[in-house]
Number of protein chains: 2
Amino acid sequence: MALPTDEIRAFTGKVLRGGDIPEVYRTDRSGYVAAGEPEVLVLAADVDDVRRAVVAAAGAGLSVVVRGGGSGLAGGAAAGAGSLILDVSGLNRILEIAADDEVAVVEAGVSAAVLDAAAHRHGLRYTPDPASTAISTIGGNIATNAGGLRCVKYGVTGDATLGLDVVLADGQLLHTGRRTAKGVAGLDLTSLFTGSEGILGVIVAATVRLRPVPIDTITIAAYFDDVESAAAACAAVLAARVRPAMLELLDESSLREAQDLLGVRGESAGAFVVAQTDGFGARAEADIVAKTFGEFTSRVRTGSDPDAAAELLAVRRAALPALERHGRVLIEDIVVPRSRIATAVRRITETAARHRSRINTFGHAGDGNLHPIIVVPADDPDAYTRAVAAADEIFATALELGGTITGEHGVGVLKRAWLAREQGPTALRTQQSIRHALDPNGLFNPGKAL
Amino acid sequence: MALPTDEIRAFTGKVLRGGDIPEVYRTDRSGYVAAGEPEVLVLAADVDDVRRAVVAAAGAGLSVVVRGGGSGLAGGAAAGAGSLILDVSGLNRILEIAADDEVAVVEAGVSAAVLDAAAHRHGLRYTPDPASTAISTIGGNIATNAGGLRCVKYGVTGDATLGLDVVLADGQLLHTGRRTAKGVAGLDLTSLFTGSEGILGVIVAATVRLRPVPIDTITIAAYFDDVESAAAACAAVLAARVRPAMLELLDESSLREAQDLLGVRGESAGAFVVAQTDGFGARAEADIVAKTFGEFTSRVRTGSDPDAAAELLAVRRAALPALERHGRVLIEDIVVPRSRIATAVRRITETAARHRSRINTFGHAGDGNLHPIIVVPADDPDAYTRAVAAADEIFATALELGGTITGEHGVGVLKRAWLAREQGPTALRTQQSIRHALDPNGLFNPGKAL
Ligand SMILES: Cc1cc2nc3c(=O)[nH]c(=O)nc-3n(C[C@H](O)[C@H](O)[C@H](O)COP(=O)(O)OP(=O)(O)OC[C@H]3O[C@@H](n4cnc5c(N)ncnc54)[C@H](O)[C@@H]3O)c2cc1C
Ligand SMILES: Cc1cc2nc3c(=O)[nH]c(=O)nc-3n(C[C@H](O)[C@H](O)[C@H](O)COP(=O)(O)OP(=O)(O)OC[C@H]3O[C@@H](n4cnc5c(N)ncnc54)[C@H](O)[C@@H]3O)c2cc1C
């Protein structure tokens, strides 16, 4: 169960063993800690290191846990007994930016923030924008099909992914997809690896789509008396044919906490919505957003210079850190059909009361993607158990309203039982047969995702 | 090798045998004709018929060839000896339009044109728009991941597909995906079946995304001296951050033929481009398109009322029918990185000369997707052989320029050898292992797509 010393010498990157491996590798940002200690950590320096590590792990009877930034919220990168951790964050070169073709080729360890900054020098941007953009990797973003604030208009990570380089369980390097805007030759392997949470292979590089920086961006925020009117206002905006580039909702408690953290004596309200419009129609769309919001509340604010916009957005961005002051948080991630947002938020509030848990909800109203944040205060010994029960009730609500248990964070170790409830035996069996076809010996991330 | 009579009686839809099966089922719109006669034709009336047919075919040792509208251009639906044809065009109900959620649920046999018309009654539309929208089915569009004119802004069929119902090789019904805008639970089976050309299962229903009808649409056309300046003008438009909803290019001969068919004494030019902008920024974007085109030619025309727009677009739509007057046509479908469009068109012109073939090229300049149309006159006995040689050279050009052999028509029977050349052994092996995992006995469309 360990790598022979001469195999370790073959790596270009650093290799650590057993007790030398930092504790952080046993967990990710979900707080989940894997049982037992991982055997080996390979800090891969290049693709050959990745291939070598996969072959060596298979030979030594170790499983392979691929890790990018370790910012995941489902325990997917948490490594325990019997595993080799393959940290690919060191593969971090931008290989190419082809501005004319609006395409970039990057290694898996590059962060979306770094790529986006590089693209800006060509008048382009990389649109997928998880809030973790600076602490996660594009490989991890692709492996989780990460979302973000802009996906209501620009799509999720998968929508920007054109092709991948993947190291398979036998150490072979697979190229999927293409660098052209379109293409249908063969099965869509790129989408199969996107969101596969490290169970099918190691993503080592990606060809991604860039888009022009919008000519104009306008931010509109509004305070509502209750979640119902906020959700109705969001629906009315979309029915008015407006395609905001962002449409975010905070419930009453999230708003209050965020204002508190920012130290602003802001307006109190039953719900807060912040929207952005961009592109050539930004002004016309912003006017309609503001007018539509105005049918549901009198408290509408618009900012078109970057400072005013940043101020309106700051509240949204502060919502999570504000809650983290009160203890460990369970960050949930359900999606409901957009027409059910208000119902979902009400139900979550009831769940919180029933399980005596503090749950604040905010999220991407344009997509119906809600993040109920359950606080687990350190000084309340029973709080964690109640929080888990509340989370279960929230997943049940999502399914009952025609939604899903995860919109962007993935299944990892934490939601496996719920995956079966959402998708049923035929879908699970089909996924397992594909996993088995690509990884017959169960090398990659056993016990995760399915 | 035949179905027992009592099994045939179990179907709700009509079942035909051997000699009673219309000849058209041995082919599709590519002109390819399968060898031998199919054994059974099932005109499925509902999902149970589909399940029954799959199980019966497996029991009788027949292969299953799924057929939608039969409008395919790669021979995928062409059925020959030893096969049961499963015609699903009779599953043609729109099951639901949820306007608030911008979602529709349809059976596989519904045509995109019919769904689009139904969506319009809710102020919405179904954006994927293959030119065959009235003669193909959504099931077939999904099975080929069909493109169209609007994909440069709105994406291809797969981008509008949220979830599927699929009958698997063992007759089980699989549900994939979801009806919410986002979701990452489990492997992305929806994308795996999208573009799978009938080799993994039978799509019987789909949940698709609708979008608002744009508030405004403007059409801009321009005549250029040569393809180089037309391609440069298209690139300049995109570099000006404009996102046209359509950006189509015709070479000199396509333009002339189309004008001839329409009977208009139009302007002659080295290349013709027609663009559309839509949405709240349509006017501002159209102004920039026109101004940018104006830097490359003095002959720019703009139409914002529907009639003028229709006239500008008519030329584009006439390009294919115009050529079909001259004989059988091979409709090719390559994609190159956008920056290589002019090079590709020039190379195709050289190929035509070298192989003494008439090849006209038009296509989706915004995506780099070109359709070189090779005419095979009936009175030239050697023309077909030359056309095939020319097609091969065109595929080689696509790969050499960093592109792909098919942007929207698929591999079918006609491009299998080229798939291997494009993707290499590891990608092929990976796809074959997935095919085998889902269809271990090779029931679906043997000899096609891979
Ligand atoms: C403060 C905060 C904010 C967040 N905001 C968002 C948000 O807005 N939207 C969102 O979607 N998520 C968000 N997340 C969750 C997390 O950042 C994303 O899931 C992110 O995509 C994970 O990337 P990573 O590089 O950190 O991956 P890791 O945590 O290292 O790994 C995640 C999973 O992917 C696998 N994996 C990682 N790299 C590879 C690779 N190269 N090849 C194959 N498999 C791989 C791992 O095995 C694991 O299963 C947030 C997290 C935090 C802590
Ligand atoms: C005039 C003309 C214009 C065209 N324009 C375009 C265009 O603009 N863009 C474009 O992309 N294509 C275009 N095409 C090609 C063709 O229309 C598309 O490929 C279309 O998607 C095929 O749909 P269909 O229902 O006719 O499928 P079919 O031809 O019946 O089948 C196509 C393939 O899909 C499989 N299949 C069909 N239905 C199912 C199902 N329910 N489940 C599983 N597999 C299935 C078949 O086995 C076959 O392999 C055009 C064709 C013509 C003749």
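Residues numbered from 1 in each chain as written. Chains lettered and ligands numbered in written order. Predicted model: local features only at pLDDT ≥ 70, side-chain atom pairs only at ≥ 80, totals over all residues. Heavy atoms only, no water.

The positions that UniProt labels "domain: FAD-binding PCMH-type" (unreviewed entry) are, in the present scheme, residues 34-213 of chain A. Taken as a whole, residues 34-213 of chain A contains 22% helix and 27% strand, while its terminal C-alpha atoms sit 41 Å from one another. (UniProt positions renumbered as here; feature names shortened; annotations may be inferred. Helix = DSSP H or I, 4+ residues; strand = E, 2+ residues; numbered from the N terminus.)

We now examine the relation of the copies chain B and chain A. Overlaying chain B on chain A yields an RMSD of 0.0 Å, the required transformation being a rotation through 180° with an accompanying axial translation of 0.0 Å. Taken together, the rotation and translation relating the two chain copies correspond to the operation of a two-fold axis. The position closest to the rotation axis in chain B is occupied by the C-alpha of B:Gly281, lying 1.9 Å away. When the interface residues of chain B are mapped onto chain A, 100% of them again fall at the interface, so both copies present the same face. (Least-squares fit on C-alpha atoms with pLDDT ≥ 70 in both. Contact = heavy atoms within 4.5 Å.)

All names here are of chain A. Pairing is antiparallel across the open sheet formed by five strands, whose spatial order is β5-β6-β10-β8-β9. Where the open sheet ends on each side, the last strands, each with one partner, are β5 (94-98) and β9 (173-177). Taking the axes of each pair of neighbouring strands and ignoring which way they run, one obtains an average angle of 10° across the sheet. Strand direction decides the pairing type here: strand β8 (residues 161-167) and strand β10 (residues 202-209), joined by six bridges, are antiparallel. Each bridged residue has a counterpart across the sheet, and for Gly163 the counterpart in β10 is Thr207. (Pairing = 2+ DSSP bridges. Axes fitted to C-alpha atoms, helices over the stretch in contact; angles between N-to-C directions.)

Looking now at the side chain of B:Asp49. Residue and element names in this part refer to chain B. Along the chain, Asp49 falls in helix α2 (residues 47-60). What makes Asp49 buried here is its relative accessible area of 0%. Within the structure, the side chain of Asp49 is placed 2.7 Å from the backbone nitrogen of Gly13, a separation counted as a polar contact. When near neighbours in sequence (up to four residues on either side) are disregarded, Asp49 contacts Phe11, Thr12, Gly13, Leu43 and Ala44. (Buried < 20%, exposed > 50% of the residue type's maximum accessible area, 1.4 Å probe, protein only. Polar contact = N/O pair within 3.5 Å; in protein donor to acceptor, adjacent residues only side chain to side chain.)

On to the site of ligand 2. Residues and elements named next belong to chain B. Residues in close proximity to ligand 2 total 33 residues, the closest being Val66, Gly68, Ser71, Ser132 and Thr137. Gly72 is positioned with one of its backbone polar atoms (N or O) 2.8 Å from an oxygen atom of ligand 2. Between an oxygen atom of ligand 2 and a main-chain N or O atom of Gly140, the distance comes to 3.4 Å. Coverage of ligand 2 by the protein chains reaches 94% of its 970 Å² of free accessible surface. Elements with a contribution of two residues or more to the shell around ligand 2: β3 (63-67), α4 (138-144) and β10 (202-209). Element by element, the count of residues in the shell around ligand 2 is highest for α4, at five residues. (Near = heavy atom within 4 Å. Areas by Shrake-Rupley, 256 points an atom, 1.4 Å probe, with all protein chains shown as cover.)

Let's shift gears to the sheet that holds strand β4 (residues 83-87) of chain B. Residue and element names in this part refer to chain B. An order of β1-β2-β4-β3 is seen for the four strands of this open sheet, with the pairing classed as mixed. Strands with a single pairing partner mark the edges of an open sheet, and in this sheet they are β1 (14-17) and β3. Between one strand axis and the next, the sheet turns by 20° as a mean value, whatever way the strands run. In the sheet, β1 pairs with strand β2 (residues 40-43) via four bridges, with the strands oriented antiparallel. When the bridges of β2 are listed, Arg17 appears paired with Val40. Its contacts with the sheet put α2 on β2, β3 and β4, and the angle it makes with β4 is roughly 175°.

All right, on to the interface of chain B and chain A then. Contacts between chain B and chain A engage 78 residues on the former and 78 residues on the latter. Of the roughly 5,800 Å² buried where chain B meets chain A, counting both sides, 62% is carbon and sulfur surface. Seen at the junction of chain B and chain A, the total is ten salt bridges. Ionic pairing is found between A:Asp367 and B:Lys182, a salt bridge with its closest N-O pair at 3.9 Å. The tally of links from chain B across to chain A stands at 22 residue pairs in polar contact (both at pLDDT 80 or more). The element that contributes the greatest number of residues to the side of chain B that touches chain A is helix α13 (residues 416-438) of chain B, accounting for twelve residues. Classifying every residue of the side of chain B that touches chain A by side-chain character gives 33 nonpolar, 28 polar and 17 charged. (Buried area = accessible area lost by both parts, 1.4 Å probe. Salt bridge = Lys/Arg side-chain N within 4 Å of Asp/Glu carboxyl O. Nonpolar A, V, L, I, M, F, W, Y, C, P; charged D, E, K, R; others polar.)

Glancing now at the domain arrangement of chain A. Residue and element names in this part refer to chain A. If you check the domain split of chain A, you get domain 1 (5-87), domain 2 (94-212), domain 3 (214-319) and domain 4 (327-439). The distance between the C-alpha centroids of domain 2 and domain 3 comes to 29 Å. Every contact between the two is made by seven residues of domain 2 and, on the other side, ten residues of domain 3. Together domain 2 and domain 3 conceal approximately 760 Å² of surface at their shared face, both sides included; 57% is due to carbon and sulfur atoms. (Domains from an automatic or database assignment.)

Attention now moves to the pairing of strand β12 (residues 217-224) of chain B. Residue and element names in this part refer to chain B. Within β12, seven of the eight residues are buried, which leaves the element mostly enclosed by the surrounding structure. With eight bridges joining them, β12 and strand β14 (residues 271-278) adopt antiparallel strand pairing. By the bridge assignment, Phe224 is partnered in β14 with Ala271. Sheet topology note: the β12/strand β15 (residues 299-303) ladder contains five bridges and is antiparallel. Directly across from Ile220, in β15, lies its bridge partner Thr302.

Quick look at the site of ligand 1 now. Residues and elements named next belong to chain A. The environment of ligand 1 is made up of 33 residues, and the closest members are Val66, Gly69, Ser71, Ser132 and Thr137. In the model, an oxygen atom of ligand 1 is placed 2.9 Å from a nitrogen or oxygen of the Asn141 side chain. With the chains in place, 94% of the 970 Å² that ligand 1 exposes on its own is no longer accessible. Residue assignment for the shell around ligand 1 shows that the elements contributing at least two residues are β3 (63-67), α4 (138-144) and β10. In terms of residue count, α4 provides more of the shell around ligand 1 than any other element does, five residues in total. For the shell around ligand 1, the residue count by class is eleven nonpolar, 18 polar and four charged. Lining the shell around ligand 1 are residues from two domains, each supplying at least three of them: domain 1 (5-87) and domain 2 (94-212).

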